[in-house]
Amino acid sequence: LAKTPLFQGVPPQAIEVAREAFVTRNYPAGKLIFEAGDMGAALYIVQSGQVRIFRTYLDGRERMFAYLGPGEVFGEMSLLDDQPRSASAETTVDSVLLVLYQDAYWSLVRKWPEILHNLATILARRLREADLELEVLSFEEARGRVAYALTKLRKQRYGDGLRMKLTHQELAQLSGTSRETVTRVLHALREEQLVKVGSGFVEILDPAGLEEVLFGLR
Ligand code: CMP
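This is a predicted model, so every value here is computed, not measured.

Participant: What's the story with the overall build of the chain in this structure? I'm lost.
Facilitator: Within the chain, the regular secondary structure consists of eight helices and 11 strands. For 218 residues, the compact-globule estimate of 2.2 N^0.38 gives 17 Å, and the C-alpha radius of gyration of the chain, at 19 Å, lies within 12% of that figure. With the principal axes as the frame, the chain shows a C-alpha extent of 55 × 35 × 30 Å. Across the 218 residues that make up the chain, the buried fraction comes to 43%.

Shown next as structure tokens:
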């Protein structure tokens, strides 16, 4: 708990109390934690494992928002505004999650407002990312979008260093484009020695070069 951004700068005594307030839950790989539209007012912290945040649309297509690893927080939006879940959450590997229900959250926040400030910081960071994403998805060509998705995964430390286990289909869902387009773009990025592509994986060879592509500079 001490390592999560939610408890940054919070007194150790608060962390001791918080430890009692959280409920520990084990989830096997591929388990749906909640679905977009569900009601629910608990916040989650990934203790170990990985969670993916996504949405499924009526036509069956899926968009992936994020992969979250140890220490990261999700589910805070419904906790704060009592609205239905904005996205679905599923484990990708066996995971241990810490769950904090609304009442427990409020009693912690009343005593240690730093926690509320930290949550606001997490939301501000996510809004920044969402703004950038909106910009990339509205104005960039497929090339920029694919570069964006790869850069985002790298920053979320999704892979094993720069090498990421990823199919063209998954990359298409992350970059809001089709599988065929992803294949074409990856081919071009490979020719430019920005990435290496193998069966079921993509490796970033030049992270800075890829960021240039994302901002349309290359
Ligand atoms: P909540 O709406 O309660 O349930 C779904 C959760 O997914 C949401 O809270 C956030 O914690 C998380 N989430 C929603 N959108 C994004 C996003 N774009 N990036 C990362 N996490 C998100």
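Participant: Honestly, the sheet that holds strand β3 (residues 42-48) in this entry has me stumped. Any pointers?
Facilitator: Note: strands within a sheet are paired through backbone hydrogen bonds, in either parallel or antiparallel orientation. An order of β1-β8-β3-β6 is seen for the four strands of this open sheet, with the pairing classed as antiparallel. Whereas interior strands pair on both sides, the edge strands pair on one side only; in this sheet they are β1 (23-27) and β6 (73-74). Bridge count for β3 against strand β8 (residues 95-101) is six bridges, and the pairing is antiparallel. Bridge pairing in β8 links L43 to L100.

Participant: Whenever I open this one, helix α6 (residues 168-175) confuses me. Can you help?
Facilitator: Turn by turn, an α-helix covers 3.6 residues, leaving residues three or four places apart pointing in a common direction. Regarding α6, the residues found buried are L171, A172, Q173, L174 and S175. On its buried side, α6 packs onto β5 (62-68), α4 (114-139), α5 (142-155) and α7 (179-191). Looking one or two residues past α6, G176 carries a phi angle of roughly 60 degrees, positive in sign.

Participant: Looking at this structure, how should I read the packing of α5 against helix α8 (residues 207-214)?
Facilitator: Geometrically, a packed helix pair is captured by the angle between its two axes and the distance between the axes. The N-to-C vectors of α5 and α8 enclose an angle of 135 degrees; their axes lie 8 Å apart at closest approach. As the angle between them shows, α5 and α8 are arranged oblique. Every pair of crossing elements has a handedness; the one defined by α5 and α8 is left-handed. Along its contact with α5, which presents R143, G144, A147, Y148, L150, T151, R154 and K155, the element α8 presents P207, L210, E211, V213 and L214.

Participant: I'm lost on the confidence of the model for the chain in this one. Help?
Facilitator: For residues with low pLDDT, the predicted coordinates do not support detailed interpretation. Per-residue confidence for the chain gives a mean pLDDT of 92; residues scoring 70 or more make up 100%. With a pTM of 0.84, the predicted complex shows an ipTM of 0.98.

Participant: Sorry, what's going on with the sheet that holds strand β9 (residues 163-165) here?
Facilitator: Pairing is antiparallel in the open sheet, where three strands are placed in the order β9-β11-β10. Edge positions in the open sheet fall to β9 and β10 (195-198), since each of these has one partner strand only. Strand after strand, the sheet turns through a mean of 15 degrees between neighbouring axes, direction not considered. Here β9 runs beside strand β11 (residues 201-204); their pairing, made up of three bridges, is antiparallel. Paired with R163 across the strands is E203, a residue of β11. Each of β10 and β11 is contacted by α7, which is oriented at about 130 degrees to β10, the strand it contacts most.

Reading the values: rules and limits
- Residues numbered from 1 in each chain as written.
- Predicted model: local features only at pLDDT ≥ 70, side-chain atom pairs only at ≥ 80, totals over all residues.
- Heavy atoms only, no water.
- Helix = DSSP H or I, 4+ residues; strand = E, 2+ residues; numbered from the N terminus.
- Rg over C-alpha atoms; globule rule 2.2 N^0.38 Å.
- Buried < 20%, exposed > 50% of the residue type's maximum accessible area, 1.4 Å probe, protein only.
- Pairing = 2+ DSSP bridges.
- Contact = heavy atoms within 4.5 Å.
- Axes fitted to C-alpha atoms, helices over the stretch in contact; angles between N-to-C directions.
- Parallel < 35°, antiparallel > 145°, perpendicular 65-115°, else oblique.
- Left-handed = near helix turned anticlockwise from the far one by under 90°.
- pLDDT = per-residue confidence, 0-100.

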